[in-house]
Amino acid sequence: MVALGLPESRGASAGQFKSVTLSGTAYIDAANFGVSFGLKSQLSNSGRKLTLKSVWSTLVFETDNRECEINGLRVFLGDPVRSYKGTVRISRLDVEKVLIPLLLAGNDEKRIPTLKTIVLDPGHGGRDPGNVNQRLKINEKTIALDTALRLERILKTMGYAVVMTRSNDSQLNSDKAADLLSRAAVANKAGADLFISLHYNAVGSGAQRVTGVEVYTLTPHSQYSTSDSERDDDTGAVEINPGNISDHWNMQLGYQIHRLMIEELRAPDRGLKRARWAVLRAVECPAILIEAGFLSNDTEGGKIATPTYRQKIAEAIANGVQAYGNVLAGVHKQRDGK
Ligand SMILES: [Zn+2]
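Chemist: It is not clear to me how the overall build of the protein should be interpreted in this structure. Could you clarify?
Modeler: For the protein, the helix and strand inventory stands at eight helices and 17 strands. A globule of 338 residues ought to have a C-alpha radius of gyration of about 20 Å, and the protein, at 20 Å, matches this closely. Structurally, the protein occupies a C-alpha span of about 55 × 50 × 40 Å along its principal axes. Within the protein, the proportion of its 338 residues that are buried is 47%. Taking the intrachain contacts of the protein between residues at least 6 apart in sequence as the baseline, contacts between residues at least 24 apart amount to 73%.

Structure below.
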């Protein structure tokens, strides 16, 4: 297990830090935050870059940028980091939704999940092929299913109960929106502890060079999705998506799986991102959506077309699940010891 923070900081909350309001958003002094987590801060690049460092963790922030680096991984925040009177500022929501879940898993969460039943969701199926590479004659629905079946076998060997949203070439509903909701419903009905939706990526012909792994968690309420330049659909909405109940654990889960995939596959890191994918919105347990590589790139697509590489992908995801399980076990142990 990777210790990311200091146990003595337990009980920390984003609310304990003074904030300033910048463009309508509450921002916290990143260096101050760092001190309370035993992280030393160092400014460079004329005050535009801030590094927070302990023996366990290195976090790098850049002003006017939503992308940051956490232990060498690309992680996307909801709000850009800002500079304010010579200090570097991180939004209060990003402290609460990204940094605290990663540095102090469990922190002041009332409920610590268990990890027994895992629902795997191979994307697309039936009349919906997903992304297709005509040159390589591969499509997303087939390889997502194959990868998920490999992952199912590994997870069962590890002792988990696994439920598949589909285990053959079929859709759950011919209507796309209903199909996605049905997938989430499988997890909710199974009382799942974890939901993984598995996909393969593609970009249009002009950008064939793009390769690598992306892992998505559900965008927290009233924050930006990674691909948006404005706050999207739920600003001011009273209703919170069921998936947002798990914001804290979604981040920890996404981080562990993204970390293991980047480490083991040695694939380019496209980042731990946020989006309001329909399946993630409706799921009532910690959930992520994985884009395990780009079919549109012939080199990466060619690798994905081989069973050997798909097995590696399945193993990396399983190890990520195990790492997340270890974090949960650690928190349970700590609570029981009190
Ligand atoms: Zn897909």
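Chemist: Even after reading the chapter, I still don't get the environment of Ala26, so can you show me in this structure?
Modeler: The topology assignment puts Ala26 in strand β2 (residues 25-29). Taking the number of C-beta atoms within 10 Å as the measure of exposure, Ala26 has 18 and is therefore partly exposed. Separated by 50 residues in the primary sequence, Ala26 and Phe76 have C-alpha atoms spaced 18 Å apart.

Chemist: Would you mind going over the pairing of strand β14 (residues 194-201) with me for this structure?
Modeler: It is a general feature of regular strands that their side chains alternate between the two faces of the sheet. Within β14, eight of the eight residues are buried, which leaves it mostly tucked inside the rest of the structure. Burial of the side chains of β14 extends over both faces: Leu194, Ile196, Leu198 and Tyr200 are buried on one face and Phe195, Ser197, His199 and Asn201 on the other. For strand β10 (residues 117-122) and β14, the ladder comprises five bridges, and the chain directions are parallel. Across the sheet, Leu120 pairs through a bridge with Ile196, a residue of β14. In the sheet, β14 pairs with strand β17 (residues 287-294) via six bridges, with the strands oriented parallel. The residue bridging Leu198 from the neighbouring strand is Ile290, located in β17.

Chemist: Can you help me understand the packing of helix α2 (residues 92-103) against helix α5 (residues 247-265) in this one?
Modeler: Each pair of packed helices gets described by two things: the angle between the helix axes and the distance between those axes. Here α2 crosses α5 at 65°, and the two axes come no closer than 8 Å. Here the hand of the crossing between α2 and α5 comes out right-handed. Across the interface between the two elements, Lys97, Val98, Pro101 and Leu102 from α2 touch Asp247, His248, Met251, Gln252 and Tyr255 from α5. Of the residues contributing to the contact of α2 with α5, the split by class is five nonpolar, two polar and two charged.

Chemist: I would appreciate a short explanation of α2 in the present structure.
Modeler: Helical periodicity: at 3.6 residues per turn, an α-helix aligns residues three or four positions apart in one direction. Counting buried residues in α2 gives 11 out of 12 residues, a clear majority hidden from the surface. Along α2, the residues classified as buried are Arg92, Leu93, Asp94, Val95, Lys97, Val98, Leu99, Ile100, Pro101, Leu102 and Leu103.

Chemist: Explain the domain arrangement of the protein to me, please; I cannot follow it from the model alone.
Modeler: The parts lose accessible area when they come together, and the size of an interface is often stated as this lost area. The assigned domain composition of the protein is domain 1 (15-103) and domain 2 (117-337). Here the C-alpha centroids of domain 1 and domain 2 sit 27 Å apart. Taken together, the contacts link 12 residues of domain 1 with 17 residues of domain 2. Put simply, the parts of the chain that give the side of domain 1 that touches domain 2 at least two residues each are β7 (73-76) and α2. With five residues, the single largest contributor to the side of domain 1 that touches domain 2 is α2. The class makeup of the residues in the side of domain 1 that touches domain 2 is seven nonpolar, one polar and four charged.

Chemist: For this particular structure, what's the right way to read the pairing of strand β16 (residues 269-275)?
Modeler: Most of β16 is tucked away, with six of its seven residues classed as buried. Across six bridges, strand β15 (residues 213-218) lies against β16 in parallel orientation. Note that in β16 the partner of Leu218 across the bridge is Ala275.

Chemist: How should the packing of helix α3 (residues 140-157) against helix α8 (residues 307-337) be read in this particular structure?
Modeler: Their axes nearest at 9 Å, the elements α3 and α8 cross at an angle of 50°. Relative to α8, the element α3 lies oblique. Like other packed secondary-structure pairs, α3 and α8 cross with a definite hand, here right-handed. Contacts between α3 and α8 involve Ile143, Asp146, Thr147, Arg150, Leu151, Ile154 and Leu155 from the former and Arg310, Gln311, Ile313, Ala314, Glu315, Ile317, Ala318 and Val321 from the latter. Residues belonging to the contact of α3 with α8 are distributed by class as follows: nine nonpolar, two polar and four charged.

Chemist: How should I be thinking about α5 in this particular structure?
Modeler: Its 19 residues place the ends of α5 26 Å apart at the C-alpha level, agreeing with the 27 Å of an ideal helix rising 1.5 Å per residue. Taking burial as the measure, the 19 residues of α5 include 16 buried ones, the bulk of the element. Phi turns positive one or two residues past the end of α5, at Arg266, with a value near 50°.

Chemist: Just to check I follow, could you spell out the sheet that holds strand β8 (residues 82-84) for this structure?
Modeler: Consider a sheet: its strands pair through backbone hydrogen bonds, and that pairing is either parallel or antiparallel. A sheet is described by the order of its strands in space; here four strands give the open sequence β1-β2-β9-β8, paired in antiparallel fashion. Only two strands of the sheet have a single neighbouring strand rather than two, namely β1 (19-22) and β8. Across the sheet, the mean angle separating the axes of adjacent strands is 45° when strand polarity is ignored. Inspection of the sheet shows β8 paired to strand β9 (residues 87-91) by three bridges, in the antiparallel sense. The residue bridging Arg82 from the neighbouring strand is Arg89, located in β9.

Calculation notes
Residues numbered from 1 in each chain as written. Predicted model: local features only at pLDDT ≥ 70, side-chain atom pairs only at ≥ 80, totals over all residues. Helix = DSSP H or I, 4+ residues; strand = E, 2+ residues; numbered from the N terminus. Rg over C-alpha atoms; globule rule 2.2 N^0.38 Å. Buried ≥ 20, exposed ≤ 12 C-beta atoms within 10 Å, placed from the backbone. Contact = placed C-beta atoms within 7 Å. Pairing = 2+ DSSP bridges. Axes fitted to C-alpha atoms, helices over the stretch in contact; angles between N-to-C directions. Left-handed = near helix turned anticlockwise from the far one by under 90°. Nonpolar A, V, L, I, M, F, W, Y, C, P; charged D, E, K, R; others polar. Domains from an automatic or database assignment. Parallel < 35°, antiparallel > 145°, perpendicular 65-115°, else oblique. Expected span 1.5 Å × (residues − 1).

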